[in-house]
Amino acid sequence: MTDARREWISKRAYTLWEEAGRPHGHDAEHWEQAVHERDEFERVALAPETRQAGARKPLIEISEKAQAKKSEAAKSRKKAEAAAEKPIAAKAVAKAKSVKATTNGKQA
């Protein structure tokens with residue numbers, strides 16, 4: 001049993017014990033119930049049909065209008081990033097040319 005699994009079961013068993021009014025002598029029952037709940041969770045979460053990318057249902061539905069706005073915003077953000085990168089690249093090229101020109105001038 002992995003540490004994460006054991007910790008989850010331990011915390012769940014403790015919660016079950018508290019919810020039951022903290023009775024004495026029922027720790028094994030709470031532990032078994034927690035193990036059963038974890039097994040069920042893993043069975044459902046790791047089922048082949050839930051692992052497929054398209055099988056998950058989104059938590060909320062996004063309208064087509066909102067999706068279009070989102071994609072437009074992403075496109076304009078990419079354009080802005082590309083435009084911001086160009087001057088830096090141009091300055092680097094210009095600086096490299098000026099360094100080369102001064103180096104050539106010193107040698108001559």
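Look up: the structure comes first, before these words.
Cut-offs applied
- In this numbering scheme, every chain counts its residues from 1 along its sequence in written order.
- In keeping with the model being predicted, local features are shown solely for residues with a pLDDT of at least 70 and side-chain atom pairs are shown and tallied solely at 80 or more, while totals for entire chains, interfaces and linings include all residues.
- Side-chain descriptors were evaluated using all non-hydrogen atoms of the structure, hydrogens and water having been removed beforehand.
- Side-chain rings of Phe, Tyr and Trp (the six-membered ring for Trp) are treated as a pair once their centres are within 6.5 Å; stacked means planes under 30 degrees apart, edge-to-face means over 60, and tilted covers the remaining angles.
- Under the scheme used here, helices are H or I runs from DSSP no shorter than 4 residues and strands are E runs no shorter than 2 residues, and both carry numbers assigned from the N terminus.
- Only protein chains enter the accessibility calculation, which uses a 1.4 Å probe. A residue is then buried if its area is under 20% of the maximum for its type, exposed if over 50%, and partly exposed in between.
- In this analysis the charged atom, NZ for Lys or CZ for Arg, is taken to sit over a ring once it is within 6 Å of the ring centre and within 35 degrees of the ring normal.
- Put simply, a salt bridge is a Lys or Arg side-chain nitrogen that is within 4 Å of an Asp or Glu carboxyl oxygen.

Caption draft 1: Up close: the packing of aromatic side chains. Applying the stated criterion across every chain yields a total of 1 aromatic pair. The interplanar angle of 45° and the centroid separation of 5.4 Å between the aromatic rings of Tyr14 and Trp17 together place this pair among those described as tilted. With a gap of 3 residues between them, Tyr14 and Trp17 both fall in helix H1 (residues 3–19), about one helical turn apart. You can call Trp17 partly exposed: its relative accessible area is 24%. When the ring centre of Trp8 is taken as origin, the NZ or CZ atom of Arg38, which lies over that ring, is 5.3 Å away.

Caption draft 2: A look at the pattern of salt bridges. Within the structure shown, the criterion is met by 7 salt bridges. The closest approach of N and O atoms between Arg12 and Glu37, which form a salt bridge, is 2.5 Å. One end of the pair, Arg12, is in helix H1; the other, Glu37, is in helix H2 (residues 27–45), and 25 residues separate them in sequence. With a relative accessible area of 24%, Arg12 lands in the partly exposed category. For Glu37, a relative accessible area of 23% translates into the label partly exposed. Several salt bridges share partner residues, and in doing so they unite Arg5, Arg38, Asp39 and Glu42 into one network.

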